[in-house]
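Structural overview
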Amino acid sequence: NAGVMQNPRHLVRRRGQEARLRCSPMKGHSHVYWYRQLPEEGLKFMVYLQKENIIDESGMPKERFSAEFPKEGPSILRIQQVVRGDSAAYFCASSVAENSPLHFGNGTRLTVT
Amino acid sequence: SQQGEEDPQALSIQEGENATMNCSYKTSINNLQWYRQNSGRGLVHLILIRSNEREKHSGRLRVTLDTSKKSSSLLITASRAADTASYFCATDDQGAQKLVFGQGTRLTINP
């Protein structure tokens, strides 16, 4: 039973380009969360989605960032016009229900040059 | 938003010793969870303790929860080199549907 799959593992973008991060949740999980982690820091909540719905996007910047979890296919975190401050590790997690333990992917490390 | 705060930020002990990490939080919770993160990897769930529980065990792990003090502790007994990792507590805002993580404790087990 495959775990949470994130790709790519590493992504390098120049300032102003777009970054698209993909996450396939564990089989049977319909709750997806995105977190950002800076070096030596904890995880910062960004967005919580269920299939075709954004439930809580209170941690996501209002501009340039968007997330989706379509009926078919992976969840996508999209960052437009990236800036150096967007460089971080972005983790996706899934759960079978609300308030259940989260299963994390190994993250996408975004570097903006 | 509330956030758990772990203490200490870093802990280095000898293999075989016990390691204790603490977590404090700010508001009411439904449950508190502990996670481990190895370098360069995602977080792995260790244990969940509900607000009406005071203590929970899982193998070499022992977690306590004191809701009156809004604090929790994670004890790892008979530590091993493989326990070297960062440990995070996470809490849910009552009524919210997300986990909020602390800054973590970096644990190093010296052989």
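First things first, this report covers the structure right here in the doc. The residue numbering used here restarts from 1 in each chain and proceeds along that chain's sequence as written. Working convention: letters from A go to chains and numbers from 1 go to ligands, in the order in which they are written. Side-chain atom pairs in this predicted model are given and counted only at pLDDT of 80 or more, local residue features only at pLDDT of at least 70, and totals for whole chains, interfaces and linings cover all residues. Excluded from the side-chain calculation are hydrogens and water; included are all heavy atoms of the structure.

Once that is clear, we can look at the overall build of chain A. Here a strand is any run of E in DSSP of at least two residues, a helix any run of H or I of at least four, and the numbering for each starts at the N terminus. Helix and strand counts for chain A stand at zero helices and 11 strands. Listing the helices and strands of chain A from first to last along the sequence gives β-β-β-β-β-β-β-β-β-β-β. For the radius of gyration, the atoms used are the C-alpha atoms, and the globule rule reads 2.2 Å times the number of residues raised to 0.38. A globule of 113 residues ought to have a C-alpha radius of gyration of about 13 Å, and chain A, at 13 Å, matches this closely. Principal axes of the C-alpha set define a box for chain A whose edges measure 35 × 25 × 25 Å.

Any carboxyl oxygen of Asp or Glu within 4 Å of a side-chain nitrogen of Lys or Arg constitutes a salt bridge here. Evaluated as defined, the whole model comprises seven salt bridges over all chains. One salt bridge connects E18 of chain A with R20 of chain A, and the closest N-O pair in it is separated by 3.7 Å. In this structure, the salt-bridge partner of K56 of chain B is E53 of chain B, at a minimum N-O distance of 4.0 Å. A residue is classified by how much of its surface remains accessible, and K56 of chain B, at 29% relative accessible area, is partly exposed. Only protein chains enter the accessibility calculation, which uses a 1.4 Å probe. A residue is then buried if its area is under 20% of the maximum for its type, exposed if over 50%, and partly exposed in between. When its relative accessible area of 23% is taken as the criterion, E53 of chain B is described as partly exposed. Overlapping salt bridges, with partners in common, bring together E18, R20 and R78 of chain A in one network.

All right, on to unusual backbone geometry then. The peptide bond linking N7 of chain A to P8 of chain A adopts the cis configuration, its omega dihedral lying at -5°. For the bond from D7 of chain B to P8 of chain B, the omega torsion is 0°, close enough to zero to count as cis. Looking at where P8 of chain B falls in the secondary structure, it is placed in the loop between strand 1 (5-7) and strand 2 (10-14). Of note, the phi angle at A78 of chain B is positive, near 45°, even though the residue is not glycine. Structurally, the position occupied by A78 of chain B is in the loop between strand 8 (71-76) and strand 9 (85-93).

In short, the description is geometric, and any link to function would need to be established separately.
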